[in-house]
Amino acid sequence: MIFDRPIELVLMLILLLAGNIFAFTKITTHPTDFLNLYPKLNPNSLTVLKIIQILNIITIIGIWYFQKWGVWAALTLALTVIILDIYFEFIYHVFVVIITVGLTMWFIIMNWQLFY
């Protein structure tokens, strides 16, 4: 199953999945670290961030199975994350999102014929 997929897309999806699982775990287990580090955050905003992490994992699964809805959902979530990053002043993360989304979309565009 893994070998009938483009290797660059597989590697990117594995990295994205690991990053989202790590972020969800970190936000869930150490919420006070985020609340102390970023004064604009509150417990409700952390809940929103956790929901976004879960939705990201769902979109990664959709992309894994070559579903176009996964691509569109991922783009929508990426735009949402960029807006929230700017609002909460996670400026470094804006660049991370832009680079990872750009690479992922490049790999998807190169293999768009596989998506349905």
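Now for a look at the structure at hand.

Some words on the pattern of salt bridges
Thinking step 1. All told, the structure shown has three salt bridges when counted by the stated rule.
Thinking step 2. Among the salt bridges present, the one from D33 reaches K26, with a minimum N-O distance of 3.8 Å.
Thinking step 3. Judged by its relative accessible area of 37%, D33 is partly exposed.
Thinking step 4. A relative accessible area of 29% places K26 in the partly exposed class.
Thinking step 5. One salt bridge connects E89 with K40, and the closest N-O pair in it is separated by 3.4 Å. Of this pair, E89 sits in the loop between α4 (68-88) and α5 (91-110) while K40 sits in the loop between α2 (31-37) and α3 (43-64), placing them 49 residues apart in sequence.

Observations concerning α4
Each α-helix winds once per 3.6 residues, and so residues spaced three or four apart point in a common direction.
Thinking step 1. The end-to-end C-alpha distance of α4 is 30 Å, a good match for the 30 Å that 21 residues give at a rise of 1.5 Å each.
Thinking step 2. For α4, the full list of buried residues reads G70, V71, A74, L77, A78, V81, L84, D85 and F88. One side of α4 holds all its buried residues, which, seen down the axis, span an arc of 150°. With respect to the buried face of α4, the exposed residues turned more than 90 degrees away are W72, T76, L79, I83 and Y87.
Thinking step 3. For α4, the secondary structure elements touched by its buried residues are α3 and α5.
Thinking step 4. Positioned one or two residues after α4, E89 has a phi angle of 65°, which is positive.

Criteria and thresholds
Sequence order as written defines the numbering, with residues in each chain counted from 1. Only residues with pLDDT of at least 70 are given local features in this predicted model, and only at 80 or more are side-chain atom pairs given and counted; all residues enter the totals for whole chains, interfaces and linings. Calculated side-chain values reflect all of the structure's heavy atoms, with hydrogen atoms and water omitted. Here, a salt bridge means any side-chain nitrogen of Lys or Arg that lies within 4 Å of a carboxyl oxygen of Asp or Glu. When accessible area is computed with a 1.4 Å probe and restricted to protein chains, residues below 20% of their type maximum are described as buried, those above 50% as exposed, and intermediate ones as partly exposed. Elements are defined by DSSP. Helices are runs of H or I of four residues or more, strands are runs of E of two residues or more, and each kind is numbered from the N terminus. Here, expected helix span is obtained from the residue count minus one, scaled by 1.5 Å. To obtain the arc, one takes the directions from the helix axis to the C-beta atoms. Residues count as neighbours in contact if any of their non-hydrogen atoms are within 4.5 Å of one another.

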